[in-house]
Amino acid sequence: MPRFNYLCPIRWSDMDANSHVNNAVYPRYLEEARMNMFEALVPSDPTERLSKNFLLSEQWMKFSKPLVYSKEPVEIEVWVTRLKGVSFELAYEIKDSGGVYVSATSKMAGFDSVAGRVRRFDDDERAVLGSFLDES
């Protein structure tokens, strides 16, 4: 399967009073994985970067069991489940040898911050996004 794997460190400060990773931290973990997965899509020119943004329109998470601090990073597996002209959907699993801690999905859209509107993906973006597409 065309999945992206990101090894995400667990920070001591991610823990809460219940001695596990606080639920509010998981969206940041997902964002880190996305940003690393799509590093090739971020233009180096700051002006172009503003016109070729992405925006998160929806996110859902299912917590299976608590994740506790470890010196070993947790694995985040990410893949594209749906690709359209202006949007795409991602699926994630946050896991390690102990199993899956969180399953998640995100809906993303291409966004032009200069024009203030949703935009269509160009051919290069569609190729990168399509390289991680698994609709099964």
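How each quantity is defined
- Residues numbered from 1 in each chain as written.
- Predicted model: local features only at pLDDT ≥ 70, side-chain atom pairs only at ≥ 80, totals over all residues.
- Heavy atoms only, no water.
- Helix = DSSP H or I, 4+ residues; strand = E, 2+ residues; numbered from the N terminus.
- Polar contact = N/O pair within 3.5 Å; in protein donor to acceptor, adjacent residues only side chain to side chain.
- Contact = heavy atoms within 4.5 Å.
- Buried < 20%, exposed > 50% of the residue type's maximum accessible area, 1.4 Å probe, protein only.
- Pairing = 2+ DSSP bridges.
- 1 Å grid on protein atoms, 1.4 Å probe; cavity = no way out; pocket = protein on both sides within 12 Å on 5 of 7 lines; lining within 4 Å.
- Points joined across faces, edges and corners; volume = space filled by probe spheres on them.
- Nonpolar A, V, L, I, M, F, W, Y, C, P; charged D, E, K, R; others polar.
- Expected span 1.5 Å × (residues − 1).
- Core = buried A, V, L, I, M, F, W, Y, C linked by side-chain atoms within 4.5 Å.
- Phe/Tyr/Trp six-rings, centres within 6.5 Å; stacked < 30°, edge-to-face > 60°.

**Focus: the side chain of D14**
No. 1: Assignment of secondary structure puts D14 in the loop between strand 1 (4-8) and helix 1 (26-37).
No. 2: A polar contact of 2.5 Å, which involves the side chain of D14, links it to the side chain of Y29.
No. 3: The residues contacting D14, other than those within four sequence positions of it, are P9, H20, V21, N22, V25, R28 and Y29.

**Points about the environment of R117**
No. 1: Counting through the fold element by element, R117 comes out in strand 6 (residues 117-118).
No. 2: Along the backbone, R117 and S51 are 66 residues apart, and their C-alpha atoms lie at a distance of 9.5 Å.
No. 3: Here R117 is in contact with F111 and D112, once residues within four sequence places are set aside.

**Observations regarding the pairing of strand 3 (residues 74-83)**
No. 1: Along strand 3, seven of the ten residues are buried, which leaves the element largely enclosed by surrounding structure.
No. 2: Examined bridge by bridge, strand 1 and strand 3 share five bridges and lie antiparallel to one another. Its bridge partner lying in strand 3, L7 is registered against E75.
No. 3: Two strands pair when backbone bridges link them, and strand 3 and strand 4 (residues 87-96) are joined in this way by eight bridges, in the antiparallel orientation.

**Here we look at the layout of surface pockets**
No. 1: Each pocket or cavity is described by its volume, and for the largest pocket that value is around 290 Å³.
No. 2: If you trace the largest pocket, you find 14 residues lining it, with M35, V42, N53, F54 and M108 closest to the centre.
No. 3: Counting residues per element, the ones that place at least two in the lining of the largest pocket are helix 1 and strand 2 (53-63).
No. 4: Grouping the constituent residues of the lining of the largest pocket by class yields nine nonpolar, one polar and four charged.

**Focus on helix 1**
No. 1: Its twelve residues place the ends of helix 1 17 Å apart at the C-alpha level, agreeing with the 16 Å of an ideal helix rising 1.5 Å per residue.
No. 2: Taken together, the buried positions of helix 1 are occupied by Y26, Y29, L30, E32, A33, R34 and M37.

**Structural notes on the nonpolar core**
Inside soluble globular proteins, nonpolar side chains tend to come together where they are buried.
No. 1: Grouped together as the largest cluster of nonpolar side chains are 31 residues, with contacts concentrated most on Y29, F38, I76, F88 and L90.
No. 2: Counting residues per element, the ones that place at least two in this core are strand 1, helix 1, strand 3, strand 4 and strand 5 (99-112).

**Structural notes on the packing of aromatic side chains**
No. 1: Overall, the coordinates contain nine aromatic pairs when judged by the stated rule.
No. 2: Ring centres of F38 and F88 lie 5.7 Å apart, and the angle between their planes is 75 degrees; on these two criteria the pair is classed as edge-to-face. With a gap of 50 residues between them, F38 in the loop between helix 1 and helix 2 (46-51) and F88 in strand 4 connect regions that are remote in the sequence. F88 matches F38 in its accessibility class, with the two residues each being buried.

**What about the pairing of strand 4?**
No. 1: Hairpin connection from strand 3 to strand 4: three residues lie between these consecutive antiparallel strands.
No. 2: In terms of strand pairing, strand 4 meets strand 5 through ten bridges, oriented antiparallel. Directly across from E89, in strand 5, lies its bridge partner K107.
No. 3: Linking strand 4 to strand 5, which pair antiparallel, is a turn of two residues.

Keep in mind that these numbers describe shape and distance, not what the molecule does.
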